[in-house]
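Structure assessment
Listed below, chain by chain, are the residues.
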Amino acid sequence: MGNRWVIPDIHGCFKTFKSLVEREIGLTKEDTLYLLGDYIDRGENSKEVIDYIIHITEESYNVNYLIGNHEKYCIDAWEADRNRLLGRSRVERDWRKHGAANTLKSFEVNRPRKINQKYIDWMKQGKYYIELEEYVLVHAGLNFKIINPFEDLYSMMWIRDFKVNRDKIGGKKVIHGHIPMELSMINLFLDNPNYGFIALDNGVYYGNSNAGFGNLTAFNLDTKELLVQHNLDL
């Protein structure tokens, strides 16, 4: 039986992601890979990241992936742009403030609607959350202010501050990305069983200029090991 690995926000850093999967993890077809969303934007190789995920899935590796807020930006901009003759939609203008230019460049297009629909369809097929025996995997987090946190799909992609109520999720722990955390904080979450969540995003696109940030992480759900791959794309 293989290991289960969780990787958060990749943000177009293809070389870093590929190295983490192939060299650090050494992914086998007995393993399971869980990806927490935000495959695009910021970095320069968003298309390559998605192509790689599609490739290893087609090669029968066990890959499960969530949709992140950056994929939602792209989907909404693509759909809005299909109905416009001139100018940019509001959602495209918002998306461009958060790294869209690099994504469009990686697809070699200048408008969202020119992205091949197969990539949009792939993004749409991403799950909002994955529930395992001990954990709930989600891109951003859960809204515990409502009776059933699993009903708020918007918060799963966008929420930035939440207090975990484990009684509402069967005593499980939340694992998420979305908000970059300094590496020492990530290790603190892992070392302290009293935390109701584990935040894994280390802001890979920051690069090495930010102390404590700029890495892509992978967390082993079975051994509790954390692998850290420094950014190879910058």
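Just so you know, these numbers come straight off a predicted model, no measurement behind them. (Residues numbered from 1 in each chain as written. Predicted model: local features only at pLDDT ≥ 70, side-chain atom pairs only at ≥ 80, totals over all residues. Heavy atoms only, no water.)

1. A short note on the overall build of the chain
Under the convention used in this document: Here a strand is any run of E in DSSP of at least two residues, a helix any run of H or I of at least four, and the numbering for each starts at the N terminus. To sort residues, take the accessible area from a 1.4 Å probe on protein chains only and compare it with the maximum for the residue type: under 20% means buried, over 50% means exposed, and anything in between is partly exposed. In what follows, residue pairs with any heavy atoms lying within 4.5 Å of each other are defined as contacts. Surface accessibility in these figures is a Shrake-Rupley result with a 1.4 Å probe; residues are shielded only by whichever protein chains are displayed. In this charge count, Lys and Arg are treated as positive and Asp and Glu as negative; neither His nor the chain ends contribute. Here the site of a charge means atom NZ of a Lys, CZ of an Arg, CG of an Asp or CD of a Glu.
Each helix and strand counted, the chain has 8 helices and 9 strands in total. Dimensions along the principal axes, computed over C-alpha positions, put the chain at roughly 55 × 40 × 35 Å. Looking at the chain residue by residue over its 234 residues, the buried ones come to 54%. Taking the contacts inside the chain whose residues are at least 6 apart along the sequence as the reference set, 66% of them involve residues at least 24 apart. A total accessible area of about 11,200 Å² is found for the chain, and carbon and sulfur atoms account for 45% of it. Within the chain, one finds 30 positive and 33 negative side-chain charges whose respective centroids are separated by 7 Å.

2. Considering the sheet that holds strand 8 (residues 215-220)
The test is simple: Strand pairing follows a simple DSSP-based rule, namely that at least 2 bridges must link the two strands. Lines fitted to C-alpha atoms define the axes, with helix axes restricted to the stretch in contact, and inter-axis angles between N-to-C directions lie between 0 and 180 degrees.
Spatial ordering of the open sheet is given by 3-2-1-8-9, a layout of 5 strands whose pairing is mixed. Each edge of the sheet is formed by a strand with only one pairing partner; in this case those strands are strand 3 (62-65) and strand 9 (226-230). This sheet shows a mean twist of 20° between the axes of neighbouring strands, independent of strand direction. Across 4 bridges, strand 2 (residues 32-35) lies against strand 3 in parallel orientation. Across the sheet, the residue bridging to Thr-32 is Asn-62, located in strand 3. The sheet strands contacting helix 1 (residues 14-25) are strand 1 (4-7), strand 2, strand 8 and strand 9, and the helix crosses strand 9 at an angle near 135°.

3. Section: unusual backbone geometry
Positioned with a positive phi, Asp-41 is a non-glycine residue whose angle comes to about 75°. Here Asp-41 shows up in the loop between strand 2 and helix 2 (46-58). Taking the relative accessible area as the measure of exposure, Asp-41 reaches 0% and is therefore buried. Although it is not a glycine, Lys-224 sits at a positive phi angle of roughly 70°. Among the structural elements, Lys-224 can be located in the loop between strand 8 and strand 9.

4. Description of the nonpolar core
Our working definition: As used in this record, nonpolar core signifies buried Ala, Val, Leu, Ile, Met, Phe, Trp, Tyr and Cys residues forming a set joined through side-chain atoms within 4.5 Å.
The biggest cluster of nonpolar side chains holds 44 residues, and the ones touching the most others in it are Ile-7, Phe-17, Leu-35, Tyr-39, Ile-50, Trp-95 and Ile-115. In terms of residue count, the dominant contributor to this core is helix 2 (6 residues). Excluding residues within four positions of it along the chain, Trp-95 makes contact with Ile-40, Asp-41, His-70, Tyr-73, Cys-74, Ala-77, Ala-100, Thr-103, Leu-104, Pro-112 and Ile-115.

5. What about the pattern of salt bridges?
In a structure, side chains of opposite charge can pair up when their charged atoms sit close to one another. As a reminder, the rule being used: A pairing counts as a salt bridge when a side-chain nitrogen of Lys or Arg comes within 4 Å of a carboxyl oxygen of Asp or Glu.
Going through the model one piece at a time under the given rule, you end up with 11 salt bridges. A salt bridge links Arg-4 to Asp-222; its shortest N-O distance comes to 3.0 Å. In this pair, Arg-4 is assigned in strand 1 and Asp-222 in the loop between strand 8 and strand 9, connecting sequence segments 218 residues apart. Linking Lys-97 and Asp-94 is a salt bridge whose minimum nitrogen-to-oxygen distance equals 4.0 Å. Judged by relative accessible area, which is 63%, Lys-97 ranks as exposed. A residue is classified by how much of its surface remains accessible, and Asp-94, at 22% relative accessible area, is partly exposed. What you see here is one network of salt bridges that share partners, running through Arg-88, Glu-92 and Arg-96.

By themselves, these observations are geometric and do not establish any function.
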